[in-house]
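# Coordinate analysis (summary)
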Amino acid sequence: MTPILVTRRLSLVAGLLGAAAAPACGRREPPPPPLDVAAPAAPAAPGGEGERSAVVSRVERGGLSIAFELRPLRGAGDRPEARSDATAVFTITDAATGAPARDLGPLAWMSRRAGAPPDDAGCQEKIKSFMAGLIAVHADVDMNAYLLWTQNQDNTLSVINPQLAWSRSKLRSIVTLAASSTSLALHPDGDRLYVTLQSGRGLAVVDTRRSLVAANVPVGAEPVRVAVAPDGRTVWVGNDGDGTVSVVDARAASVLKTLRAGPGHHELAFSGGGRTAWITSSGARTVTAVDTGTLEPVAEIEVGEGAAAVAASDAAGAVYVANEAKGEVVIIDAERRAVSSRAAVKAGVSAVQFEPGGRFAFALNPAKGEVSILDASVGAVAHTLAGFASPDAITFTKTYAYVRNLGENRVSLVELPSLERPGKPAVVEVQVGQLAPRAAKGGGSAAPFAVVPEGNGAIIASPADKVLYYYVEGMMAPLGTLSNYGREPRAALIEDRSLKEVQPGVYATTVQLGDEGVHDVELLIRGRRVAACLEATVAPSAVPAEDRSPGLTVEPLFDASVDLEVSKPATLRFRATPKASAPPLKAKEMKVMIFRFPVGFRDTVLPRAEADGAFSVTFTPPEPGQYRLLLEAESRHAPLGALPSVDLHVSPPGAAPDAGGGR
């Protein structure tokens, strides 16, 4: 199999560790003065003295002074599910001058110490093993993790760990939604995912840390597009069924205001650092500008009927609107809120987006197979590229624009630096998969690309192939594939949980701690060729051991020895009994996971409450084999795996008697 993601890091770390001086184990000292670490879109290290750990581990290495500490999350004590959450903080300065050491990109892990602190060779070997991404060797805490979320053709989201070697990607969980989804957007903090649902089910708010739906917010009819405001305070939902846009409080998960936006499909963009929201309506002749602070419309700009897409560039001070029917890109002066010019393209243009620098805008025309590139410095078309097969989706890295061809199994990479050179821009064609995205049952999606945190490649969803492809720039083909376990991935995004520089020289991330006791903290600073081992102590939980044990017992009310049958629905009933002093259990507190053992099919469903106080789920086995049923109830201290599983056996069609029901 082709190595994926972390195998690239493996060769890198081998060179770094080979050239690095021997690592040093850290010494424990009292904490330094409180740090004022705050960043709205990154894990913040609280500055209150009462929230700090008792000790800080320090080490000097390679001319750097490195300090590490664990800080409880602000307010985590009020949330039982967050008792083990903490902020891991590295403070790295120049050992001679004390100046913050910036832009280091450190990698770090924590592993529970089994004996003596590791020596130099032991520390290096642990880092190498963690970098390899092997299933058999893993850290208790990984501060470099990122997860891949896929929007599937059914009512599920897949959560995949793409950082395991040799294509052994790991399905972390399946999130079951109340209905099929249309689009999704990640909060800047990374802890919530917002998903618009079909069948009148509104907006789902997904807790990414626990991989479950935290709330379903009623919005307007037929919500499609969803976008999070740059400051993370509000979520904007375009309701195509009733001509409105719902503005939702991102934290409270409640509708703040409903705006009239005109009939048809709506697209959303933000300008002025997020101070103005721009709303298009395909059935109206105007674009609406809304003040995001007051939530009041401040302008309606005439653009003509047929607006299909909108993009904003603060660098250019402009908002571009693609008019599909008329075949033009309307250029709006963002400050004056007035049309400044119109750039003619061809009828059928349906998407527009600015590259990261904000100078060039790409307008996609699936009907004509063209991509028009507009230069915002002159407000005109600079390049027109042909030869695409229904280009319908685009994303960017620093070097390339990735254009998905809906009608063929290839992705076109347009080199961004070549846009400023004379002549035709450079285009690289990369074959992705076996089938064109259009071959999928429901077609393609608007967001099939997830740019990897390294910024030099992307994970590309292939719905027709039912897999995801990992591509690194400079290659003529994807490096490998990630399984989506039989589901069609329509869209993909990455939730980055790695260390961020939240303040000069201060690198932090939110972690979930494991068992109490002393842990080794392994650190690799790639650019400085520094490897070091520090330590941290995880304190015992403040919750008594008896309260941390599962707060309920589960009794199957079906005969698990009776075989189930492929493709035949079976009702599996069970009784879940809480502790004597606890209130009755509700169906919404539980989730049931059924998976084929040891690998294969996996699904998570919500149980139904029965009249006699029991609960039930309906399971339709997709293939013969051995399955397991697991129940989780986080609110009753019963996470997935805390309660005993129930084995199920599934026989081929016609080979099993009736199963299920109650006894």
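Details of the structure are given in the entry above.
Summarised in this report is the structure supplied together with it. (Residues numbered from 1 in each chain as written. Predicted model: local features only at pLDDT ≥ 70, side-chain atom pairs only at ≥ 80, totals over all residues. Heavy atoms only, no water.)

Turning next to the overall build of the chain. When helices and strands are counted, the chain shows three helices and 51 strands. Per-residue burial for the chain yields a buried fraction of 53% across its 663 residues. For the chain, the exposed area adds up to about 27300 Å²; of that, 52% sits on carbon and sulfur atoms. (Helix = DSSP H or I, 4+ residues; strand = E, 2+ residues; numbered from the N terminus. Buried < 20%, exposed > 50% of the residue type's maximum accessible area, 1.4 Å probe, protein only. Areas by Shrake-Rupley, 256 points an atom, 1.4 Å probe, with all protein chains shown as cover.)

What follows is about the state of the cysteines. A complete count under the given rule lists one disulfide for this structure. Two residues share a disulfide in this structure: Cys123 and Cys533, whose sulfurs sit 1.8 Å from each other. Given an S-S torsion of about 105 degrees, the disulfide between Cys123 and Cys533 has right-handed geometry. Remark: Cys533 occurs in strand S42 (residues 530-538) and Cys123 occurs in helix H2 (residues 120-132); sequence separation between them is 410 residues. As far as burial versus exposure is concerned, Cys123 and Cys533 are alike and both buried. (Disulfide = S-S within 2.5 Å.)

Further remarks concern the packing of aromatic side chains. To describe a pair of aromatic rings, one takes the distance between the centres and the angle between the planes. Going through the model one piece at a time under the given rule, you end up with nine aromatic pairs. Taking the centre distance of 5.9 Å and the plane angle of 80 degrees together, the rings of Trp236 and Phe270 count as edge-to-face. Here Trp236, found in strand S15 (residues 234-239), pairs with Phe270, found in strand S18 (residues 268-271); they are 34 residues apart in sequence, far enough to count as distant. Like Trp236, the residue Phe270 is buried in the burial classification. Each member of the aromatic cluster is reached from another via a ring pair, and the members are Tyr402, Phe449 and Tyr471. (Phe/Tyr/Trp six-rings, centres within 6.5 Å; stacked < 30°, edge-to-face > 60°.)

It is a general feature of regular strands that their side chains alternate between the two faces of the sheet. With eight of nine residues buried, strand S3 (residues 64-72) lies mostly within the body of the structure. As judged from the five bridges shared by strand S2 (residues 56-61) and S3, these two strands associate in the antiparallel manner. Within S3, the position partnered with Val59 by the bridge is Ile66. Counting the residues that bridge the hairpin from S2 to S3 gives two residues, and of these Gly62 lies at a positive phi of roughly 55 degrees. Here nine bridges tie S3 to strand S4 (residues 85-94), and the two strands are oriented antiparallel to one another. Its bridge partner lying in S4, Leu64 is registered against Asp94. (Pairing = 2+ DSSP bridges.)

Take the pairing of strand S19 (residues 276-279) next. Where burial is concerned, the two faces of S19 agree: the one with Thr276 and Trp278 and the one with Ala277 and Ile279 are both buried. Linking S18 back to S19 in an antiparallel pair, the connection comprises four residues, with Gly272 at a positive phi of about 60 degrees. Sheet topology places S19 next to strand S20 (residues 286-291); four bridges connect them, and they run antiparallel. Across the sheet, the residue bridging to Thr276 is Asp291, located in S20.

This part is about the side chain of Arg573. Inspection of the secondary structure assignment puts Arg573 in strand S45 (residues 570-578). Among the residues examined, Arg573 registers a relative accessible area of 14% and is labelled buried. Within polar-contact distance, the side chain of Arg573 engages the side chain of Asp612 at 2.7 Å. (Polar contact = N/O pair within 3.5 Å; in protein donor to acceptor, adjacent residues only side chain to side chain.)

This part takes up the nonpolar core. Counting 27 residues, the largest nonpolar core has Ile66, Phe68, Leu70, Phe90, Ile92, Met110 and Met143 as the members making the most contacts within it. Elements with a contribution of two residues or more to this core: S3, S4, strand S5 (107-112), strand S40 (506-512), strand S41 (517-525) and S42. Top contributing element to this core by residue count: S42, with five residues. Residues within four places of Met143 in sequence aside, it is in contact with Phe68, Ala88, Phe90, Ala108, Trp109, Met110, Arg497, Ser498, Leu499, Thr509, Val511 and Val521. Ranked by size, the runner-up nonpolar core spans 26 residues in total, among them Phe558, Leu572, Leu585 and Met590. (Core = buried A, V, L, I, M, F, W, Y, C linked by side-chain atoms within 4.5 Å. Contact = heavy atoms within 4.5 Å.)

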